[in-house]
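# A closer look at the structure
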Amino acid sequence: MERILTMKKILSALLVCIVITLLLCSCSQNSDEKDNSNSSDIGSAEIETGVDVKTDKQTNTNTDTGINTGIDTKDSADNPTSAASPKIEKDVVLPELQNINFVLDWTPNTNHTGIYVASELGYFAEEGLTVDIQSPPEDGAEALVAAGRADIGVSFQDYLAPAFAMENPLPLTAIATLINHNTSGIVSLKDKEITSPAKLEGHTYATWNLPIEQAILKQVMADDQGDWSKVELFPSTVTDIQASLQTQVDAVWIYYGWDGVALEQTDLETNYWYFKDINPVFDYYSPLLFANNNFLGKNPNAVRAFLHAVNKGYQYAIDNPEKAADILLQAAPGLDREIVVASQKWLANEYISDAPYWGYIDAERWNGFYAWLWEKELIEHEISAGMGFTNEYLPGK
């Protein structure tokens, strides 16, 4: 045993000597190379990286990775101040991804598909972002974003109105629309014969008891020569539209892209009309993306990168509705696949529709709806034209 230990000690000592010798040789070799480099043609100097790096001399950018090295690699004849070429570290440290806190308006559905596609397919990562997708609190996404506890969220133009119609408006700005036209309207069973707003007279309507909601219905009924006072109101936040139409109420406000398509998958025969078809002032933006103003001011490039990735996500959903549906189902496995796929196919034609590009907000439509709210005394302060939205960060601009 003692002989074995002695041999180990000897071997260890020899190993240490070998390592020291190699280090000394390496230092000596580097010193010689440096001397040779100084005496040789400086214009032929090379940068030792330990990896095969293609470098764009004019931009100092690694053309394989897109990373700016910050080192001028032009010939020293053009740049006489660079007498010796600096040495690049072998381990290149990539910049940290910027995080964005994103809050939904509701549970995941096909309004949000482009967000989940951008996350799943790495579009956010390509833009140097990580995006934390959160469910909304009880008081809504608007309050969370206004307080700076989330950066960007999903809302609706009518929901944002109270935030803008204040003496000191909340620091929020709409930055993109998710669906170009308002797909909301009234659905009823076919045998009720509610084929237009006026025919709501004498029927029961499920109401959220929201002032703007009821004012819209009152307006479209007046436009159709109907009397709003003859509608029976049934306060309800309907969760099962099919069951409610068969038991409690005659008419429900829905968004066709989800609830309307879902009803198509049943045996029920229904009537449906859009608010925007009765009065174009109700072709407001629903849903949309909005952001905290402080975040916009401090992170304009991150917002542009975010919208660039989201645009790609929705373009993918338009071109590949079934694949996009499967990505959404990964995030929300409790959803009915038949409904998700059908909704995704229907919305493929609605995300952009006739807009010049994805996300575009038309100033006339935006301003027209808020002017109507002010005219009908539904808001406390007038929302000035152009307030509360921008197309500045959109990739199509």
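Residues numbered from 1 in each chain as written. Predicted model: local features only at pLDDT ≥ 70, side-chain atom pairs only at ≥ 80, totals over all residues. Heavy atoms only, no water.

## Focus: the overall build of the protein
Counting its regular elements, the protein contains 14 helices and 12 strands. Counting all 397 residues of the protein, 44% fall into the buried class. Counting only carbon and sulfur atoms, one obtains 50% of the accessible surface of the protein, whose full area is about 21400 Å². (Helix = DSSP H or I, 4+ residues; strand = E, 2+ residues; numbered from the N terminus. Buried < 20%, exposed > 50% of the residue type's maximum accessible area, 1.4 Å probe, protein only. Areas by Shrake-Rupley, 256 points an atom, 1.4 Å probe, with all protein chains shown as cover.)

## Some words on the sheet that holds strand β6 (residues 172–177)
The sheet built from five strands is open, its strands ordered β4-β3-β5-β12-β6 with mixed pairing. Here the strands that pair on one side only, and so sit at the sheet edges, are β4 (129–134) and β6. When the angles between neighbouring strand axes are averaged without regard to direction, this sheet yields 30°. Pairing of β6 with strand β12 (residues 288–292), which is carried by five bridges, proceeds in the antiparallel orientation. By the bridge assignment for β12, L172 is matched with N292. (Pairing = 2+ DSSP bridges. Axes fitted to C-alpha atoms, helices over the stretch in contact; angles between N-to-C directions.)

## Re the pairing of β12
Within β12, five of the five residues are buried, leaving the element largely enclosed by the surrounding structure. Sheet analysis places strand β5 (residues 152–155) next to β12, joined by four bridges and oriented antiparallel. When the sheet's bridge partners are listed, V154 is paired in β12 with L289.

## A look at unusual backbone geometry
In this structure, the amide linkage connecting S286 to the following residue, P287, adopts the cis form with an omega of 5°. Its location among the elements puts P287 in the loop between α9 (275–278) and β12. The backbone of S353 sits at a positive phi, close to 55°, despite the residue not being glycine. The exposure class assigned to S353 is partly exposed, which follows from its relative accessible area of 37%.

## Brief notes about the side chain of T183
Of note, T183 is situated in the loop between β6 and β7 (184–189). Residue class for T183 comes out buried when judged on its relative accessible area of 5%.

## Quick word on the confidence of the model for the protein
In the predicted model, the protein carries a mean pLDDT of 83, and the fraction of residues at 70 or more is 76%. Note that residues 1–90 has pLDDT below 50 and, in this model, 53 contacts with residues that lie over four places away or in other chains. (pLDDT = per-residue confidence, 0-100. Contact = heavy atoms within 4.5 Å.)

## Let's talk about the packing of aromatic side chains
For the structure shown, the criterion picks out 22 aromatic pairs. Relative to F306, the ring of F124 has its centre 5.4 Å away and its plane inclined at 10°; by these criteria the two rings are stacked. Within this pair, whereas F124 is found in helix α3 (residues 123–126), its partner F306 is found in helix α11 (residues 300–319), the two being separated by 182 residues in sequence. Residues F124 and F306 agree in their burial class; the two are buried. Here the basic side chain of K276 rests over the ring of Y274, its NZ or CZ set 4.9 Å away from the ring centre. (Phe/Tyr/Trp six-rings, centres within 6.5 Å; stacked < 30°, edge-to-face > 60°. Lys NZ or Arg CZ within 6 Å of the ring centre and 35° of its normal.)

## Concerning a nonpolar patch on the surface
Together, Y159, W208 and L210 line one region of the surface with nonpolar side chains, adding up to about 280 Å² of accessible area. Its place among the elements puts W208 in the loop between β8 (204–207) and α6 (211–223). (Patch = residues over 30% accessible without salt bridge, like charges linked within 9 Å, V, L, I, M, F, W, Y side chains within 5 Å. Salt bridge = Lys/Arg side-chain N within 4 Å of Asp/Glu carboxyl O.)

## Description of the layout of surface pockets
Roughly 1400 Å³ of internal volume is contained in the largest pocket. Surrounding the largest pocket, 45 residues form its lining, W106, W208, V238, Y255 and D259 being those nearest its centre. Counting only elements with at least two residues in the lining of the largest pocket, the list comes to α4 (140–146), α7 (241–247), β10 (251–255), α8 (256–264) and α13 (337–347). A breakdown of the residues in the lining of the largest pocket according to their chemical character gives 25 nonpolar, 13 polar and seven charged. (1 Å grid on protein atoms, 1.4 Å probe; cavity = no way out; pocket = protein on both sides within 12 Å on 5 of 7 lines; lining within 4 Å. Points joined across faces, edges and corners; volume = space filled by probe spheres on them. Nonpolar A, V, L, I, M, F, W, Y, C, P; charged D, E, K, R; others polar.)

## Let's talk about the pattern of salt bridges
Summed over the entire model, instances satisfying the criterion amount to seven salt bridges. When the shortest N-O distance is used, the salt bridge between D277 and K276 registers 3.4 Å. Residue class for D277 comes out exposed when judged on its relative accessible area of 52%. When its relative accessible area of 24% is taken as the criterion, K276 is described as partly exposed.

## Focus: the environment of F306
Judged by relative accessible area, which is 0%, F306 ranks as buried. With 177 residues separating them in the primary sequence, F306 and L129 have C-alpha atoms 7.4 Å apart. When sequence neighbours within four positions are dropped, the list of residues in contact with F306 reads I100, F102, I115, F124, L129, V131, I152 and L289.

## Here we look at the nonpolar core
By size, the foremost hydrophobic cluster in this structure holds 46 residues, and its most contacted members are F102, I175, L289, F306, L307 and W358. Ranked by residue count, the leading element in this core is α11, at 10 residues. Beyond its immediate sequence surroundings of up to four residues, L307 is in contact with I175, A176, L289, W358, Y393, L394 and P395. One finds A163, L200, F282 and F290 within the second-largest nonpolar core, a separate group that totals 44 residues. (Core = buried A, V, L, I, M, F, W, Y, C linked by side-chain atoms within 4.5 Å.)

## Describing the packing of α6 against helix α14 (residues 363–375)
Where α6 meets α14, the axes come as close as 12 Å, and the angle between the chain directions of the two elements is 95°. The angle between the axes of α6 and α14 places the two elements in the roughly perpendicular class. Here I212, A215, I216 and Q219 of α6 come into contact with α14, specifically with F369, W372 and L373. Of the residues in the contact of α6 with α14, the class split is six nonpolar, one polar and no charged. (Parallel < 35°, antiparallel > 145°, perpendicular 65-115°, else oblique.)

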